[in-house]
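Chains, contacts and geometry: an overview
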Amino acid sequence: YCPVAVVFHHEGGSSQHIRDRVVLEGYRGSLLLARKHHGRLGYALTRAALRLAVKAKLAGLRLRQRSRPDDGALAGRILCLEAVREVLRAGLPDPAPVGVAAAPES
């Protein structure tokens with residue numbers, strides 16, 4: 001125990017290089033949780049709410065991009081959210097019935 005010790009936490013420091021994947025999996029995880037614990041209606045409502053939130057975020061980022069067209073980080077965030085939007089648009093595949101192996105994805 002050292003009462004004078006100071007710790008600095010650099011948020012996201014270890015996942016900075018995979019940020020887009022972390023964001024995408026966060027949204028996907030929200031869908032999985034809703035499907036598992038809240039049924040079809042809860043899943044549909046969660047998916048609709050997330051789609052609306054991503055649409056609003058994209059609109060705000062695109063407005064900001066107009067004043068900063070050369071900002072590569074901003075362009076990267078937009079690309080990431082466009083990928084999230086596509087995942088939310090498609091939704092999750094139906095789960096395999098219990099005892100049946102899921103078909104391999106191609």
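Residue positions within a chain follow its written sequence, with the count starting from 1. Reporting in this predicted model follows two pLDDT cut-offs: at least 70 for local features of residues, and 80 or more for side-chain atom pairs to be given and counted; totals over whole chains, interfaces and linings ignore these cut-offs and use all residues. Hydrogens and waters are ignored; side-chain quantities use all the structure's heavy atoms.

**Regarding the overall build of the chain**
A run of H or I in DSSP becomes a helix once it reaches four residues, and a run of E becomes a strand once it reaches two; helices and strands are each numbered from the N terminus. Scanning the chain from N- to C-terminus turns up two helices and zero strands. Counting every position in the chain, which comprises 106 residues, the buried fraction comes to 18%. When checking whether two residues touch, look at their non-hydrogen atoms; a contact exists if any pair is within 4.5 Å. Once local pairs closer than 6 in sequence are excluded, the contacts in the chain between residues at least 24 apart make up 58%. To sort residues, take the accessible area from a 1.4 Å probe on protein chains only and compare it with the maximum for the residue type: under 20% means buried, over 50% means exposed, and anything in between is partly exposed.

**Regarding helix α2 (residues 72-90)**
Take the residue count of a helix, subtract one, and multiply by 1.5 Å to get its expected span. The end-to-end C-alpha distance of α2, which contains 19 residues, comes to 27 Å, matching closely the 27 Å that a straight helix rising 1.5 Å per residue would cover. By the burial criterion, the buried members of α2 are Leu74, Ile78, Cys80, Leu81, Val84 and Leu88. The arc enclosing the buried residues of α2, seen along the axis, measures out at 165°, which places them on a common side. Pointing more than 90 degrees away from the buried face of α2 are the exposed residues Gly72, Leu79 and Ala90. Among the structural elements, α1 (19-67) are those in contact with the buried residues of α2. By the N-cap criterion, in which a side-chain oxygen at the helix start approaches the backbone nitrogen of a residue two or three places on, α2 is capped by Asp71, the distance to Ala73 being 3.1 Å. Gly91 occupies a position one or two residues after α2 and carries a positive phi of about 75°. Here the arc refers to the directions that run from the helix axis out to each C-beta atom. Polar contacts, as counted here, are pairs of nitrogen or oxygen atoms within 3.5 Å of one another; within protein the pair requires one atom able to donate a hydrogen and one able to accept it, and residues that are adjacent in sequence qualify only if both atoms are side-chain atoms.

**Examining α1**
Taking 1.5 Å per residue, 49 residues should reach 72 Å; α1 reaches only 24 Å between its end C-alpha atoms and comes up short. Maximal helix bending in α1 amounts to about 145°, located at His38. Given a residue, its bend is the angle between the two axes fitted to the seven residues that end at it and to the seven that start from it.

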